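This is what each chain is made of:
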Amino acid sequence: MVSFKTKGPYFKLYSWLPVIILFISVLNEFDLNYLNLDYFSFNFPFILIFFFTLKDFRHFDYLFVFLCGLINDTVVGFPLGISSLSYILICIATSYFRNITIRPNPIRDWFYFLFIVGLINSINYSVLSLFFLYNLILMDYLVNTFFTFLFYILFVSVFKYYLKGLND
Amino acid sequence: MASSRDDFVIAIRSAFLKKSTQQKFSLLTLVFLSVFTILLSSLDFKIIRYIKIGINEMVYRSSFVVSIPENFIKNRFLDIKDYTTFFNEYKNNKKELNKLKSQNTNFEIVQYENRELKELINDYVLSSDKILAKIIVDRDSPFLKSIIINKGSKDNIKIGTNIFDQNYLVGRVIEVNYKTARVLLLSDLNSNVPVTISPQNIQAIITGNGKSQGQIKYIKEGVLDQFSKQGIIYTSGTGAIFKSGIPVGELEIIEDSNSVKYNVEFYSDFSQLKYVFADVGAKSVLENLTSGENENQKESIEPMEAKLKILENEIKIFEEVNTKLKEENDYLKTNINNLNDQISTQKKEISSHKESINKTHINKQELEFLRLNLDHGHKCRRSFFNSKGFSVGSDKYKNCVLNKGRKTDG
């Protein structure tokens, strides 16, 4: 179990770890969004942003999320601002969900995540194909949404350990 | 009912506007900022372009640095994989090398011939000036297939510059920064390449399928049946986006029970690219000629003058063609005369032959007459005992001999 008795530089680094991972995941070539397998891809930044803005929003600055979106667009080659908008929409959804939730339920979170990811991918697809005239495969988006939804529950169990360490 | 609507409004308002602890911006501000960025990025103002170039340079370099550990692991893994298959590959390579060496000579001859023919028809003969570029970011996305290279406008890279892996086409530049550029790979859905499919010489356009292959799109109806397996695909040069004659890949025909698919297996494996070549110096002979002639003249040439020069060149070519045609005409005329002479002599020969044949025929008839005359001459000759006979030498006598005697009436 990870625990920090003093709130020194290691604790600060530990508390910023999700943001650092988010930056690395959007900058790194090794894209979990695409593992070069047919009909398999998932969006790791979506899972990370959704979970941490829902559970630990104090250490997850929205400005950094916005910047990560810009970086992702630059690296992937999308028009600037598309990923930022997607990420910020996730933040809005989690903020709203947090406000209306009295007793958190992981299964409800999970299905709410599916709805949000589906909605955001739809917006993404529509904007890119209608306004920017990109040729995109709808099936890729559907597969991406499905696997992001499936993997959410796996990553949540890992992230929970992290949160436990942070709160201890 | 009213209270639940109020709760919803409060929750929404709180989600959008409330700045939580340690949050510097409200989400509504960031949404507006995102939309504003999208709108700005779609505009093509000079200042926005420079800002974008700045962001791109910074992010690409950062991405390269962040990817170093992962690339290191990936490269070591590939090295180990290479070592395990080293010996077998060496054997195969040796065989292939010998084969290629023999083929290379033929190709050189064909290339030389091709160049000569192009010059003859005054086509664009492209001279290549390729520069080596390193791939600094190769982040595959399920939605876009592109790579970032470490050469930009500083190295004369322009939008549309052709990118190669050895001699195979990889893609073209779609975004240029100062020291970096983005290359749209052929496997991308948005990539369209005009190609020729040999040996049938069918013109088509291929697009990427978003994975690692290409597919044939926009082809004339009815020619699909003519395709043969392992047809070679190379650029046709139509539209002047890509140079002509660059090898792209091989045709792959996949037959299902319901349909037939025509895919393109690219020669280059885009996932294994480390270095590529950018063709920065593609110039036509026509341009070279114009620039060579104008070295002593003003640096900037009026477009009308350039057009006139082209027309003058065209006239020269026409004149040359004309003289060649005249020469050919004269040669053909003399040939015709010679042939006419030969025909007349042949005719003479034929008539003499005919005469001799006729003579022989007559001789044969006479010989027959003499033979019959010996046997039946006494029946036809007029004499004391044969008062009804004919006088020798007359036509009636001859007919009588040929009829083997006189025919009795009744």
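Residues numbered from 1 in each chain as written. Chains lettered and ligands numbered in written order. Predicted model: local features only at pLDDT ≥ 70, side-chain atom pairs only at ≥ 80, totals over all residues.

(A) Broad picture of the overall build of chain A. Along the backbone of chain A there are seven helices and zero strands. For chain A, the sequential pattern of α-helices and β-strands runs α-α-α-α-α-α-α. By residue count, 40% of the 168 residues in chain A fall in the buried class. When contacts within chain A are restricted to residue pairs at least 6 apart in sequence, those whose partners lie at least 24 apart make up 65%. (Helix = DSSP H or I, 4+ residues; strand = E, 2+ residues; numbered from the N terminus. Buried ≥ 20, exposed ≤ 12 C-beta atoms within 10 Å, placed from the backbone. Contact = placed C-beta atoms within 7 Å.)

(B) Representation of the environment of Val392(B). All names here are of chain B. Residue position: Val392 is located in the loop between α7 (303-380) and α8 (395-402). Residue Val392 is classed as partly exposed on the basis of its 13 C-beta neighbours within 10 Å. For the pair Val392 and Arg382, spaced 10 residues apart in sequence, the C-alpha to C-alpha distance is 7.8 Å. Apart from residues lying up to four places away in sequence, Val392 is in contact with Arg381 and Tyr397.

(C) Spotlight on helix α4 (residues 68-84) of chain B. In this model, α4(B) (17 residues) spans 24 Å end to end at C-alpha, consistent with the 24 Å of a helix rising 1.5 Å per residue. Counted residue by residue, α4(B) has zero buried out of 17 residues, so it is predominantly exposed. (Expected span 1.5 Å × (residues − 1).)

(D) Fine view of the sheet that holds strand β5 (residues 181-185) of chain B. Residue and element names in this part refer to chain B. Strand order in the closed barrel formed by six strands is β1-β2-β5-β4-β3-β12, with antiparallel pairing between adjacent strands. Here the average twist between neighbouring strands, direction ignored, is 45°. Bridge count between strand β3 (residues 162-165) and strand β12 (residues 275-279): two bridges; the pairing is antiparallel. Paired with Phe164 across the strands is Phe277, a residue of β12. Lying on the sheet, helix α3 (residues 46-66) is in contact with β1 (130-137) and β2 (146-149); it crosses β1 at an angle near 70°. (Pairing = 2+ DSSP bridges. Axes fitted to C-alpha atoms, helices over the stretch in contact; angles between N-to-C directions.)

(E) Region of interest: the environment of Lys243(B). Residue and element names in this part refer to chain B. With respect to the element layout, Lys243 can be found in the loop between β9 (232-235) and β10 (247-255). According to the C-beta neighbour criterion, Lys243 is partly exposed, with 16 such atoms within 10 Å. Residues Lys243 and Thr161, spaced 82 residues apart in sequence, show a C-alpha to C-alpha distance of 9.9 Å.

(F) The packing of helix α5 (residues 82-100) of chain A against helix α2 (residues 27-42) of chain B, seen in detail. In contact at an axis separation of 9 Å, α5(A) and α2(B) are set at 160° when each is read in the N-to-C sense. By the angle class used here, α5(A) and α2(B) are roughly antiparallel. Every pair of crossing elements has a handedness; the one defined by α5(A) and α2(B) is left-handed. Across from Ile82(A), Ser84(A), Leu85(A), Ile88(A), Cys91(A), Ile92(A) and Ser95(A) in α5(A), the residues of α2(B) making contact are Leu27(B), Leu30(B), Val31(B), Ser34(B), Val35(B), Thr37(B) and Ile38(B). (Parallel < 35°, antiparallel > 145°, perpendicular 65-115°, else oblique. Left-handed = near helix turned anticlockwise from the far one by under 90°.)

(G) Spatial organisation of the pairing of β5(B). All names here are of chain B. With five of its five residues buried, β5 lies for the most part within the structure. By the alternation rule, side chains of β5 split into Ala181, Val183 and Leu185 and Arg182 and Leu184, which are all buried. Sheet topology note: the β2/β5 ladder contains four bridges and is antiparallel. Across the sheet, the residue bridging to Ile149 is Ala181, located in β5.

(H) Region of the structure containing the nonpolar core. Residues and elements named next belong to chain A. Counting 81 residues, the largest nonpolar core has Ile49, Ile88 and Ile90 as the members making the most contacts within it. In terms of residues, this core owes the most to one element, α5, which gives 10 residues. Not counting residues within four places of it along the chain, the set of residues in contact with Ile49 comprises Leu22, Val65, Tyr87, Ile90 and Cys91. (Core = buried A, V, L, I, M, F, W, Y, C linked by C-beta atoms within 7 Å.)

(I) Here's a closer look at the pairing of β1(B). All names here are of chain B. Both β1 and β12 contribute to a ladder of five bridges, which runs antiparallel. For Ala133, the partnering residue across the bridge sits in β12 and is Val276. Pairing of β1 with β2, which is carried by two bridges, proceeds in the antiparallel orientation. When the sheet's bridge partners are listed, Ile135 is paired in β2 with Ile149.

(J) Main features of unusual backbone geometry. Even without being glycine, Leu133(A) reaches a positive phi, approximately 55°. Structurally, Leu133(A) can be placed in the loop between α6 (106-131) and α7 (138-167). Accessibility expressed as a C-beta count within 10 Å gives 8 for Leu133(A), which makes it exposed. Within the chain, Lys404(B) stands out as a residue other than glycine whose phi angle is a positive 60°. By the secondary structure assignment, Lys404(B) is in the segment after α8.

(K) A look at the sheet that holds strand β11 (residues 260-266) of chain B. Residues and elements named next belong to chain B. As summarised here, the arrangement of the six strands in space is β6-β7-β8-β11-β10-β9, forming a closed barrel in which the pairing is antiparallel. The sheet shows a mean angle of 45° between the axes of neighbouring strands, taken without regard to direction. Relative to β11, strand β8 (residues 214-219) is paired through two bridges, and the arrangement is antiparallel. Its bridge partner being in β11, Gly214 is matched across the sheet by Val264.

(L) Seen up close, α3(B). For α3(B), built from 21 residues, the straight-helix expectation of 30 Å at 1.5 Å per residue is met to within 8% by its first-to-last C-alpha distance of 30 Å. Among the residues making up α3(B), those that are buried are Asn56(B), Val59(B), Tyr60(B), Ser63(B) and Val66(B). Buried residues of α3(B), viewed axially, fall in a sector of 125°; they line one side. In this structure, α3(B) carries Lys46(B), Ile47(B), Tyr50(B), Gly54(B) and Val65(B) as exposed residues pointing more than 90 degrees from its buried face. Looking at the buried residues of α3(B), the elements they touch are α2 (17-27) and α4 (62-76) of chain A together with β1 and β2 of chain B. (Arc of directions from axis to C-beta.)

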